[in-house]
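Chain and residue survey
Here is what each chain is made of, one letter per residue.
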Amino acid sequence: MTQIAIGRRHGVPARSTAAVGSSTTSATSRRRDRRDGWLFLAPYLVLFAVFVLLPAGFGVWISLHDYDYSLPDKPFVGLDNYTGLLTGDSPFASTFWQAMRGTAIFTVFSVPLLLVLPLGVALLMNLKVKCRNFFRATYFAPYVLGVAVVAVLWRYLLDTNIGLVNQYLSRLGLDSAIPWLTQLPWAWISLVGVTVWWTLGFNSVIYLAALQDISPELYEAAKMDGANVWQRFRNVTLPGLRPVLLFVTSVTIIASVNMFGQSYLMTQGGPGTATRTAIYQIADTGLTNFNSGMASAMSMIFTVFLAVVSVGVFALFRERGTTSARAEGEA
Amino acid sequence: MGRVIDVPTTRREFLTLSALAVGAGLGLAACASATPLASSGPPLSGEYDGPPVQIEYWNGFTGGDGPAMRQLVADFNKSQDLITVRMNVVQWAQYYQRVVAAVHAGKGPDVGAMHVEQLATQASRQTIAPLDDILDEIGVSAEQYPHEVWERGVFGDHRYGVPLDVHSLASYANTDLVAKGGGNPTPATRQDLEASISALMSAGVKTPFWVPNRWPAHLIFLSLLWQFGGEPYSEDGSKATFDSDAGIAALSWLTGLIQSGVSPKNVAPDSQYTAFKGGQGAYTWDGIWQINDLKSTAPDLPWTMSALPTIGDTPAVWANSHQLVLFKNRSPNDDRILASKAFLRFLIDNSEAWSGSGLIPARSEARKTPEFLKSPQAVLEPAVPTMRFLPPVPALGEVQAQTLEIALADAILGRQSPEAALRGNASKATQLMQANLKKFEVKS
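No experiment lies behind these values; they were computed from the predicted model shown.

**Section: the overall build of chain B**
A tally of regular secondary structure across chain B gives 18 helices and 13 strands. Over its C-alpha atoms, taken along the principal directions, chain B stretches across nearly 75 × 50 × 40 Å. Taking the intrachain contacts of chain B between residues at least 6 apart in sequence as the baseline, contacts between residues at least 24 apart amount to 78%.

What follows is the structure, given as structure tokens:
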């Protein structure tokens with residue numbers, strides 16, 4: 001058994017040495033095993049290759065050209081697109097880096113909120129109260145709306161001069177000229193706020209499912225040991241949620257760095273270009289303005305940043321995983 | 001550009017080929033040119049008499065101008081039996097990207113309408129075909145149109161568009177509000193407008209003129225820039241010049257309105273118009289394409305319309321023109337081209353019906369018809385000679401969206417001084433224009 005496992009991990013060919021005199025049956029079964037694997041992977045691999053690998057490879061190739069698909073001439077420019085962006089010589093550089101900063105700002109402010117608030121909501125949803133299903137539905141409801149609906153709705157509500165929100169603020173005698181969508185930092189506050197309102201339901205439902213998986217006996221036992229509410233949360237609930245945290249965190253980060261629709265529709269990237277995000281700028285450069293080469297180079301640089309962030313997230317959770325495993329082992 | 005002789009591909013041949021080829025893409029590639037071709041087909045004499053044919057007509061008339069175009073197409077389809085025109089309406093914002101993709105994929109339409117300032121771009125992108133050879137057949141000539149509108153249809157050595165209409169900014173006034181303060185609802189000069197505004201403000205009308213930070217801010221700015229004697233871009237497309245003294249004067253006048261409380265701060269795109277419809281703001285400058293919208297969505301609003309007042313030294317107003325175009329095709333078909341020409345001729349002959357769109361028919365004759373003269377926009381007819389258009393430079397609209405529009409937003413929101421905002425963005429615009437010159441050089 002062990003031999004097979006090792007052989008598989010290192011990819012050792014079946015008939016390498018006489019020492020592995022186990023038997024031919026194990027070798028053939030091993031080979032067949034692998035073929036089955038490929039067979040099961042095939043449907044996904046085909047899609048992955050056609051819709052991810054090939055376009056990505058083509059993207060690299062495009063990024064080395066001054067590429068505009070509508071022009072017959074697509075001159076090869078080598079790494080010029082990249083160096084222009086990295087040194088700031090290209091007229092696209094300043095907006096691009098501003099957009100990258102925009103994505104970073106949005107992610108840094110929205111992800112913590114989208115990790116913590118839904119947890120609170122999930123805890124509330126998990127209480128045995130009247131109309132529990134109604135509340136669950138209410139919190140989840142915005143998530144079923146499309147980004148266009150959400151953004152257009154809030155654009156009207158948040159308008160500085162003719163919006164409902166400022167109208168109500170003035171009724172309450174508060175500052176009624178808050179430039180929700182046209183000045184910083186308000187534009188970011190609006191974008192983050194609307195996104196949290198919109199997508200909070202999704203994370204809440206995931207948390208809720210995880211909460212319901214935590215055995216009630218654990219809470220009972222903790223109570224018997226005299227643990228108060230906070231201690232139960234800290235020592236029973238949180239560890240119980242650990243398995244879904246990696247999922248929720250990665251999904252939330254991915255959604256946040258991909259933010260586009262909200263700022264495209266609510267602020268039009270404004271004021272000026274302050275709330276443009278990386279995806280916004282890439283789409284604008286490549287699709288609206290036909291500078292596919294430059295846009296591909298931007299995408300590649302963006303990808304490098306995303307890879308770094310992903311590695312960071314996985315490293316973080318792996319470490320947690322091992323410490324928790326160790327803790328469990330010690331216990 | 002001469003007539004391209006291309007082996008005509010009949011529908012049956014095409015179907016056979018498609019059936020033989022496994023994929024639809026392969027089928028197309030097998031019988032079509034890799035790049036879109038221009039073809040003016042055989043001459044159209046009299047009525048179209050070929051086999052029944054369906055042609056595709058794409059435009060972006062999604063607003064108050066939509067019903068008028070639907071009517072024209074229906075009238076054409078009813079007027080004869082052989083040609084069926086199928087209209088596809090795409091929002092202008094997406095239209096220019098989609099149509100390029102469609103034509104290059106071999107699935108483009110036959111006939112279209114486009115803004116005149118897009119013609120250079122679309123011609124450079126191999127989307128539209130020169131019309132020089134067919135002008136006689138469809139019965140148009142220079143003397144039927146105002147000079148500038150006609151001339152703007154030319155890019156390089158060829159004509160790419162036949163003017164359908166002109167549409168400009170106009171000054172709208174809420175007559176109730178203006179009467180309350182004893183102002184002039186149709187101000188013609190800077191003194192007129194400013195005196196009216198201060199009269200209104202002292203009569204208790206708050207913020208009578210709203211200045212938006214995005215759309216239609218750049219149209220307002222361009223009008224003012226021309227009034228102050230400036231030019232936004234050099235005619236050859238090599239340089240952005242909107243940061244001239246005229247530009248700074250124009251933008252400073254706008255930001256001054258905000259500083260003095262005539263306009264509220266932080267006016268979002270289109271909010272100035274929504275507010276006007278809601279009875280806030282005594283004056284607003286917006287496109288004449290809003291006429292039908294005002295009629296249908298704000299029927300109780302008492303309003304009037306006039307030409308833009310002259311704030312600078314000479315009367316001038318930003319304008320645009322919808323022009324009719326023929327698309328290039330990877331596999332040109334003579335019957336469809338003939339049918340397209342017949343349809344173009346019909347649209348041009350019936351220009352006066354286009355008055356129903358709220359826009360101004362480009363054909364001078366059509367502007368003398370009762371249909372036009374009884375339309376609200378007829379008051380702008382004397383302003384037609386003052387209408388100004390962007391120069392025909394490929395991808396200029398894209399440059400403008402990334403530079404001038406940002407500069408205006410920054411200055412109007414108070415994030416930068418008019419001068420700093422215009423300077424910075426003009427130099428960026430020049431950089432982009434230089435890059436575009438190089439990029440499009442080979443073609444034009």
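Next comes the rest of the write-up.
**Observations regarding the pairing of strand E10 (residues 317–320) of chain B**
A regular strand places its side chains so that they alternate between the two faces of the sheet. All names here are of chain B. Here E10 shows a buried face lined by Val-317 and Ala-319 and a second buried face lined by Trp-318 and Asn-320. Sheet topology places strand E7 (residues 165–174) next to E10; two bridges connect them, and they run antiparallel. In the strand pairing of E10, His-167 is matched with Asn-320. Where E10 and strand E13 (residues 387–388) come together, two bridges link them in parallel fashion. In the sheet register, Val-317 faces E13, and the bridge partner there is Met-387.

**Focus: the sheet that holds strand E2 (residues 83–89) of chain B**
Spatial strand order, E2-E1-E3-E11-E6 (chain B): five strands in an open sheet with mixed pairing. In this open sheet, the two edge strands, each paired with only one partner strand, are E2 and strand E6 (162–163) of chain B.

**Some points on the nonpolar core**
All names here are of chain B. Of all hydrophobic cores here, the largest spans 155 residues; its most connected members are Phe-221, Leu-225, Val-317, Phe-343, Leu-408 and Ile-412. A domain-level breakdown of this core finds at least three residues from each of domain 1 (5–164 + 321–349) and domain 2 (169–319 + 394–439). Residue contacts for Val-317: discarding those within four places in its chain leaves Ser-168, Leu-169, Ser-223, Ala-307, Leu-308, Ala-383, Thr-386, Met-387 and Arg-388.

**Let's talk about the interface of chain A and chain B**
Taken together, the contact pairs 24 residues of chain A with 29 residues of chain B. In terms of residue class, the side of chain A that touches chain B is built from nine nonpolar, eleven polar and four charged.

**Regarding the environment of B:Gly356**
Residues and elements named next belong to chain B. Residue position: Gly-356 is located in the loop between helix H14 (334–349) and strand E12 (360–361). Gly-356 sits in the partly exposed class, given 18 other C-beta atoms within 10 Å. Note: C-alpha distance between Gly-356 and Pro-67 (289 residues apart in sequence) is 8.4 Å.

**Describing helix H4 (residues 92–104) of chain B**
Residues and elements named next belong to chain B. Taking 1.5 Å of rise per residue, 13 residues should cover 18 Å, and H4 covers 19 Å from first to last C-alpha, within 8% of that figure. Largest kink in H4: about 25 degrees, centred on Arg-98. Those residues of H4 that sit buried are Tyr-95, Tyr-96, Val-99, Val-100 and Val-103. Taken together, the buried residues of H4 touch strand E1 (53–59) and strand E3 (111–115). Of the residues flanking the end of H4, it is Gly-106, one or two places downstream, whose phi is positive at about 80 degrees.

**So, the packing of helix H10 (residues 217–227) of chain B against helix H11 (residues 245–259) of chain B**
Each pair of packed helices can be summarised by the angle the axes make with each other and by the distance between the axes. Residues and elements named next belong to chain B. Running from N to C, H10 and H11 cross one another at 130 degrees; their axes reach a closest spacing of 8 Å. Judged on the interaxial angle alone, H11 and H10 are oblique. Relative to H11, H10 is oriented so that their crossing is right-handed. Along its contact with H10, which presents Ile-220, Phe-221, Leu-224 and Leu-225, the element H11 presents Ala-246, Gly-247, Ala-250, Leu-251, Trp-253 and Leu-254.

**A look at the environment of B:Lys107**
Residues and elements named next belong to chain B. The topology assignment puts Lys-107 in the loop between H4 and E3. Residue classification places Lys-107 among the exposed positions, given that 12 C-beta atoms sit within 10 Å. Considered as a pair, Lys-107 and Arg-330 are 223 residues apart in the sequence and their alpha carbons are 8.4 Å apart.

**Brief notes about the packing of H10(B) against helix H17 (residues 404–412) of chain B**
Residues and elements named next belong to chain B. It is at 9 Å that the axes of H10 and H17 come closest, and there the two elements cross at 95 degrees. With respect to their mutual orientation, H10 and H17 come out roughly perpendicular. For the pair H10 and H17, the contacting residues are Ala-217, His-218 and Phe-221 in the first and Leu-404, Glu-405, Leu-408 and Ile-412 in the second. When the residues that make up the contact of H10 with H17 are grouped by side-chain class, the tally is five nonpolar, one polar and one charged.

**With respect to the confidence of the model for chain B**
All names here are of chain B. Looking at chain B, pLDDT values average 90 and 92% of them are 70 or higher. For chain B, per-element mean pLDDT is lowest for helix H1 (residues 11–20), which scores 42, and highest for H10, which scores 98. Confidence drops under a pLDDT of 50 for residues 1–30, and excluding neighbours within four residues, the segment shows 29 contacts in the predicted structure. Predicted complex metrics record ipTM = 0.83 and pTM = 0.86.

**Some remarks on the domain arrangement of chain B**
Residues and elements named next belong to chain B. When cut into domains, chain B gives domain 1 (5–164 + 321–349) and domain 2 (169–319 + 394–439). Here the C-alpha centroids of domain 1 and domain 2 sit 35 Å apart. Domain 1 puts nine residues into the contact, and the matching count from domain 2 is nine residues. Here the residues of the side of domain 1 that touches domain 2 sort into one nonpolar, six polar and two charged.

**Topic: the pairing of E1(B)**
Residue and element names in this part refer to chain B. In terms of residue burial, E1 counts as a mostly covered element, since five of its seven residues are buried. Pairing of E1 with E2, which is carried by seven bridges, proceeds in the parallel orientation. Pairing of Trp-58 across the sheet is with Asn-88, part of E2. After leaving E1, the chain enters helix H3 (residues 66–79) and then returns to the sheet as E2, a path that is right-handed.

**A short note on helix H12 (residues 278–288) of chain A**
Residues and elements named next belong to chain A. With eight of its eleven residues buried, H12 lies for the most part within the structure. All of the buried residues along H12 are Ala-278, Ile-279, Tyr-280, Gln-281, Ile-282, Asp-284, Thr-285 and Gly-286. Following H12 by one or two positions, Phe-290 adopts a phi angle in the positive range, close to 65 degrees.

**Observations regarding the confidence of the model for chain A**
Residues and elements named next belong to chain A. For chain A, the mean per-residue pLDDT works out to 86, and 86% of the residues sit at or above 70. By mean pLDDT, the top-scoring element of chain A is helix H3 (residues 80–87) (96), and the lowest-scoring one is helix H1 (residues 2–10) (40). Taken as a whole, residues 325–331 scores under 50 in pLDDT and shows zero contacts with residues more than four places along the chain or in a different chain.

**Examining the environment of B:Asn320**
All names here are of chain B. Locating Asn-320 in the fold gives a position in strand E10. Measuring from C-alpha to C-alpha, the distance between Asn-320 and Pro-43 comes to 31 Å, with 277 residues separating the pair along the chain. Apart from the residues lying within four places of it in its own chain, the contact partners of Asn-320 are His-115, Val-116, Glu-117, His-167 and Phe-389.

**Looking at unusual backbone geometry**
The omega torsion of the bond from A:Leu184 to A:Pro185 falls at 0 degrees, within 30 degrees of zero and hence cis. Note that A:Pro185 resides in the loop between helix H7 (164–171) and helix H8 (186–213). The omega angle of the peptide bond from A:Gly270 to A:Pro271 is 5 degrees, so this bond is cis rather than trans. We note that A:Gln268 has phi near 50 degrees; this positive angle belongs to a residue other than glycine. Along the polypeptide, A:Gln268 turns up in the loop between helix H11 (261–267) and H12. A positive phi is found at B:Asp270, a non-glycine position, where the angle reads about 65 degrees. Looking at where B:Asp270 falls in the secondary structure, it is placed in the loop between H11 and helix H12 (271–277).

Rules used in this analysis
Starting afresh in each chain, residues are numbered from 1 along the sequence in its written order. Each chain is given a letter, starting from A, and each ligand a number, starting from 1, according to the order in which they appear as written. In keeping with the model being predicted, local features are shown solely for residues with a pLDDT of at least 70 and side-chain atom pairs are shown and tallied solely at 80 or more, while totals for entire chains, interfaces and linings include all residues. The helix count covers DSSP runs of H or I at least four residues long, the strand count covers runs of E at least two residues long, and both are numbered beginning at the N terminus. Working definition of a contact: two residues with C-beta atoms, positioned from the backbone, lying within 7 Å. Three exposure classes are used. Buried residues have 20 or more other C-beta atoms within 10 Å of their own C-beta, exposed residues have 12 or fewer, and partly exposed residues fall in between, all C-beta atoms being placed from the backbone. Note: two strands are recorded as paired if DSSP finds a minimum of 2 bridges between them. Note on terminology: a nonpolar core is a set of buried residues of type Ala, Val, Leu, Ile, Met, Phe, Trp, Tyr or Cys, with members joined through C-beta atoms within 7 Å. Where each domain starts and ends follows an automatic or database-derived domain assignment. Only Asp, Glu, Lys and Arg are considered charged in this grouping, and only Ala, Val, Leu, Ile, Met, Phe, Trp, Tyr, Cys and Pro are considered nonpolar; every other residue, Gly among them, is considered polar. By this rule, a helix spans an expected 1.5 Å times one less than how many residues it contains. One axis fitted to the seven residues ending at a residue, another fitted to the seven starting there: the angle between these axes is the bend at that residue. To get an axis, fit a line to the C-alpha atoms, keeping to the stretch in contact for a helix; angles then go from 0 to 180 degrees between the N-to-C directions. An angle below 35 degrees is read as roughly parallel, one above 145 as roughly antiparallel, one from 65 to 115 as roughly perpendicular, and any other as oblique. Working rule for handedness: look at the near helix, and if it is turned counterclockwise from the far one by less than a right angle, call the crossing left-handed; if clockwise, right-handed. Per-residue confidence from the predictor is reported as pLDDT, a score between 0 and 100. Here, the term right-handed applies to a crossover whose path from the first strand over the helix to the second runs clockwise when the strands point away from the viewer.

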